[in-house]
Structures are given as structure tokens and as C-alpha cells.
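Residue-level listing of the chains:
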Amino acid sequence: MLSVEENEALCRVGPGTLMGELLRRYWYPVSQAARHAQAGSVPERVRLLGEDLVLFRSSVGELGLLDEHCPHRGASLSLARNEDCGLRCLYHGWLVAPGGSVLDTPNEPEGSRLRERVRQVAYQVVEAGGLVWAYLGPDPAPPLPAFDWVGAPRENVAIMAVKVGCNWVQVLEGLIDSSHSSFLHADQIRHATGTERSGGDFEHGTVHRPSNDRRPRIEVEDTPYGFRYAAIRRPLLDADKKKYVRTTLFVAPVYCLIPGMAGWTVNQFPVPTDDVSSTFYNVQYKHDGPVDEGQLRAQVGAMWERDILPGLQSRRGPANGWLQDRAAMADGSWSGIKGLMNEDIACQESMGPIYDRSREHLGTADRAVIHMRRLMLLTARQVAEGGSPIGCGGHFRYADLLAEDGLVEVERPWQDVSALR
Ligand code: FES
Ligand SMILES: [Fe+2]
């Protein structure tokens, strides 16, 4: 449980808020690189950390991320003409360069020096791993979170994104909460003897797990990038000799690595849009070759991708009861909601735009969630006092990070799961 004040401090993301200032010390994806591959791209409205911005590639090929509203009198630069090395506002023709300088004020008298006194907010932006990433914080920017998939061949990586109608912390808590999988995802998870690790059924889009233990023991260890935790379960076979260990990595401030099938990286995270909405990313990277449709279905649960409409909107939401199918539930489905991530998002949105954590009742299964909140609040306070944000000081390589699962002998520490790679 958090006090109302702590909950506010944890969740709010705008400029000048405690968490907003911490979150501004990291990079986030804001769009697909393909949308801005050509010089003179269509300006795109982007909302990140409660700020309205416009993303474009100028007529000479420079990527820019500017405050959306024209410095003259505020018309949206998403309407602007993309020409002459910048965005030319539709309203009175002012021209703003990707770096934020005003190059031209054509409705002012000849020789006017007004433009020299005006500067538009402009943020750093780079292209990597098929995405455009933005940094809204002070200089110098930290390194990009260059996970292994960021540098991988594009055909080996499937990236899906969808808008979620709730605060980013709710989405993040769902990612570091192993115990919900036995319930919410019961339709997708098969308990399989004879497997040592997570496996997948390409035909049916199910995930196999060598345990049916619904009461995992959670153990957490701090790391230079954040923390990792193990959910430890009794396996179906040899429970007196082995334990089933499943690790999750929390890479500050929002990135989570969870175990996929052998030879895959699964990276999921919420990008905080504002206080009451986020964009959920699901990245699946197959290390040894291109991702095919069947494998993707096995990884993410059948049907998920078909529920996303243009503009990354989900077909499911509170207005239609997340399209929950009660007849399917009478027929044996646990959730009545098709697709693993649709199940997650339904629960997270159902908590409300910003859940009031002073009303919750935490148990031992919530240890990783508790740890994340403490770590983020502590780091945010340290940064407010001039300290450095967690994960920005080196001592690890993003590309080396991987979540693992597998059977470990009972007398061995759970960390030995890393040796099974
Ligand atoms: S509002 Fe943009 S030029 Fe006037
Ligand atoms: Fe889930």
C-alpha cells in the first residue's frame, strides 16, 4: 500500500513532478523509423511524458522533435509544411528548424530581428532498431538502451505497440508480477512435463511451462540496471530435487525482460504518454533467424495483433467490456478474453486511469511490485537532490541482458538458472 501522496509521486509524469523529472533522464521509443525514413516526412503528433510534440524528418534529412505549438501564436506544427530545412507553420509561415531556431518570420517587416529572440523547445531524437527514440532530459543524454534486438537484423524482430488507457505504473506492475500468469493467462499456459524451459506450441499459440504451482516464491536482487527477480515454483516432475525458476529483469525506468522460448528475447514496456495513458510495446526477437507468423502467435498468444486498429488503438476497452466473452467462459475459458496481452491490458485498464494504491492489500506474491515502487521513488528523490539516475552509470551492457527460466537443483541458488542458457 502507498499513501495518496506516495502514489501521486510515483505516477505523475509531467514536467516538474518528482517522477516526471526522473523519467526525463532516459530514452523512449516514440514512433516507427519507417514513418520518417524519407526527407520531408509527414509531421507526426507525439505525446510523451505529458508533452505535446511533433516529429519529422526535414527536407534535408535531419530528424526533429519540437514542441507541437508554433512559437508565434500556437498553431499545431503537425499541420505545417515540411520544407526549407524545417517546419513552416501553416498559419503565418514562420519556419522552425529541427534544432528549435526560427529561420524565417515572413509576415514581419523586412529586416526584423524578432526571430533571433525566439527559440522553440527541441528535443534529442535518434533512430535505432526500427524505432525513433526521444530524450526529453538535460544534457548530456545517457546511452540509448541498446538491447540485443536494437542491433539485430530487422526481420528477426517483431515489434507491436498499442495504446493503453491507464497510467504507466499499472502496466509496468503487470510485467513484474509473475503470479498473475497462472490465473489471467490460464487459457494460454499449458503445464507440460518433459520440458525444462518455457516452450511454445506454434499451432495453437500456447506457452508451455513445466510447473502448475500457482504460489510462486518471489526473490529479488538489485543490479546496476534496476533489479531482477525470480519466481520459484514446484515443478511437475522431481519436485523434491528441482525447482522451476523464472526470472524477470526490470531495467529502469520502464523496460522489462521476461523469458521467452529458448533462443528468443522478449522485451515489454510501457512508454508513459501522460498521467492517464501509455503505449505498451511488445518486442520479440528470434536470435537465429526471421520471425514467422506461427512463432509470433506462440509467443504472444493468438489473435492479439488483430485487435489493434490504425493509430495503435485497441478494439477492446471499458466501453465494450474489453469484448469479454462470457459464453467462452462457460465453455472453459478462464478470462473470456482472447490473447495474452489483451488479458493484461483489460485488467490494467480496469483499475482506472490512476489506481489509488492506498486502497490495495499487498501480499507476498507482490514482492517485486513493492520493490519496483521503492526503487523508483528512492531514485527519483536522489535525482531531485542532484544524484544520478539508476542504470545510467555504466557497469552493464543492455545487449547482454536476458531473462531466463529453467529447472535448478533445489539446493542450488536460483541465480544458477543463468548457467542453463
Ligand atoms: S501561429 Fe505559426 S506562424 Fe503564426
Ligand atoms: Fe500478463
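Please read all numbers here as calculations on a predicted model, not as lab measurements. The residue count restarts for each chain, going from 1 along the sequence in the order it is written. In the order they appear in the text, chains get letters beginning with A and ligands get numbers beginning with 1. Given that the model is predicted, a residue must reach a pLDDT of at least 70 before its local features are reported, and side-chain atom pairs must reach 80 or more before they are shown or counted; all residues, however, enter totals for whole chains, interfaces and linings.

Now for helix α8 (residues 367-384). Across its 18 residues, α8 extends 26 Å between first and last C-alpha, which sits within 8% of the 26 Å expected from 1.5 Å per residue. Residues with at least 20 neighbouring C-beta atoms inside 10 Å of their own are called buried, those with 12 or fewer are called exposed, and the rest are partly exposed, where every C-beta is derived from the backbone. Counting from the N terminus, the helices are DSSP H or I runs at least four residues long and the strands are E runs at least two residues long. Inspection of α8 places Arg367, Ala368, Val369, Met372, Arg373, Met376, Thr379, Ala380 and Val383 among the buried residues, and these make up the whole buried set. Here, residue contact means that the backbone-derived C-beta atoms of the two residues sit within 7 Å. Packed against the buried residues of α8 are α1 (4-11), α2 (18-23), α3 (168-175), β15 (217-223), β16 (226-233) and β17 (242-251). The positive-phi residue at the C-terminal boundary of α8 is glycine 386, with phi of around 100°. By this rule, a helix spans an expected 1.5 Å times one less than how many residues it contains.

In this section: the pairing of strand β9 (residues 122-128). Consecutive side chains of a regular strand alternate in pointing toward one face of the sheet and then the other. When DSSP finds two or more bridges between a pair of strands, those strands are recorded as paired. In terms of strand pairing, strand β4 (residues 63-67) meets β9 through 2 bridges, oriented antiparallel. Pairing of leucine 65 across the sheet is with tyrosine 123, part of β9. In this structure, the hairpin formed by β9 and strand β10 (residues 131-135) is closed by a connection of 2 residues, where glycine 129 is found at a positive phi of approximately 60°.

Our focus in this paragraph is the environment of serine 335. Position of serine 335 relative to the elements: it lies in the loop between α6 (326-330) and α7 (340-350). Residue classification places serine 335 among the buried positions, given that 22 C-beta atoms sit within 10 Å. In sequence terms serine 335 and alanine 346 are 11 residues apart; their C-alpha atoms lie 10.0 Å from each other. Setting aside residues up to four positions removed in sequence, serine 335 forms contacts with Leu184, Asp187 and Glu343.

Where each domain begins and ends is defined by an automated method or by a domain database. Considered domain by domain, the protein chain is made up of domain 1 (27-135) and domain 2 (148-420). Centre-to-centre separation of domain 1 and domain 2, based on C-alpha positions: 35 Å. Counting residues at the interface gives 9 residues for domain 1, matched by 11 residues for domain 2. For the side of domain 1 that touches domain 2, the elements supplying multiple residues, two or more each, are β1 (27-32) and β2 (44-48). Residues of the side of domain 1 that touches domain 2, tallied by class, amount to 5 nonpolar, 3 polar and 1 charged. All amino acids are sorted into three groups, where Ala, Val, Leu, Ile, Met, Phe, Trp, Tyr, Cys and Pro are nonpolar, Asp, Glu, Lys and Arg are charged, and the leftover types, Gly among them, are polar.

Along the chain, aspartate 139 connects to proline 140 via a cis peptide bond; the corresponding omega equals -5°. In this model, alanine 252 is joined to proline 253 through a cis peptide bond whose omega is 5°. Along the chain, proline 253 turns up in the loop between β17 and β18 (255-259). If you check the backbone angles, aspartate 84 has positive phi at about 50° while not being a glycine. Tracing the sequence through the fold places aspartate 84 in the loop between β5 (81-83) and β6 (86-88).

Bringing the sheet that holds β6 into the picture now. The strand order across the open sheet formed by 4 strands is β5-β6-β7-β8, and the pairing between neighbours is antiparallel. Both outer strands of the open sheet, β5 and β8 (102-104), are each paired with one neighbouring strand and no more.

Our focus in this paragraph is the environment of proline 29. Structurally, proline 29 is set in strand β1. For proline 29, a count of 23 C-beta atoms within 10 Å gives the class buried. Separated by 352 residues in sequence, proline 29 and arginine 381 have C-alpha atoms that sit 25 Å apart. In this structure proline 29 touches Leu131, Val132, Trp133, Val271 and Tyr281, once residues within four positions along its chain are discounted.

Quick reminder: α-helices carry 3.6 residues per turn. Residues three or four places apart thus point the same way. The complete set of buried residues in α1 reads Asn7, Leu10 and Cys11. Around the axis of α1, the buried residues are gathered within 85° of arc, so they sit on the same side. Contacts from the buried residues of α1 go to α2, α3 and α8. This arc is taken over the directions from the axis of the helix to the C-beta atoms.

Attention shifts here to the sheet that holds β9. Strand order in the open sheet formed by 6 strands is β1-β10-β9-β4-β3-β2, and the pairing between neighbours is antiparallel. Edge positions in the sheet fall to β1 and β2, since each has one partner strand and no second. Sheet twist, expressed as the mean angle between neighbouring strand axes with direction ignored, is 35°. In this structure, β1 lies alongside β10, joined through 5 bridges in antiparallel fashion. Note on β10: the bridge partner recorded for tyrosine 28 is alanine 134. The axes used here are C-alpha line fits, helices contributing only the stretch in contact, and every angle between their N-to-C directions lies in the interval 0 to 180 degrees.

Leu55 and Ala134 are the most contacted members of the largest nonpolar core, which totals 97 residues. Among the elements that line this core, the one with the most residues is α8, at 6 residues. Apart from residues lying up to four places away in sequence, leucine 55 is in contact with Val30, Ser31, His36, Glu44, Val46, Leu65, Val125 and Val132. Think of a nonpolar core as buried Ala, Val, Leu, Ile, Met, Phe, Trp, Tyr and Cys residues, each tied to the set through C-beta atoms within 7 Å.

Our focus in this paragraph is the pairing of β17. By the criterion of burial, β17 is predominantly enclosed, with 10 of the 10 residues buried. Here β16 pairs with β17 via 8 bridges, running antiparallel. Each residue of the ladder has a partner; that of alanine 231, found in β17, is arginine 246. Two elements, β17 and strand β23 (residues 405-409), share 5 bridges in a ladder whose sense is antiparallel. The residue bridging tyrosine 244 from the neighbouring strand is leucine 407, located in β23. Relative to β18, β17 runs antiparallel, the two sharing 3 bridges. Considered in β18, the bridge of valine 251 is made with tyrosine 255. Once β17 ends, the chain turns through 3 residues before running back antiparallel as β18.

Running from N to C, α3 and α7 cross one another at 135°; their axes reach a closest spacing of 9 Å. Here α7 runs oblique to α3, going by the angle between their axes. When the axes of α3 and α7 are compared, the crossing they make is right-handed. Where α3 abuts α7, its residues Gln170, Val171 and Gly174 lie against Asp344, Cys347 and Gln348. Looking at the contact of α3 with α7 residue by residue, the class counts come to 2 nonpolar, 3 polar and 1 charged. Roughly parallel here means an angle under 35 degrees, roughly antiparallel means over 145, roughly perpendicular means 65 to 115, and every remaining angle is called oblique. Note: crossing handedness is left-handed where the near helix turns anticlockwise from the far helix by less than a right angle, and right-handed where it turns clockwise.

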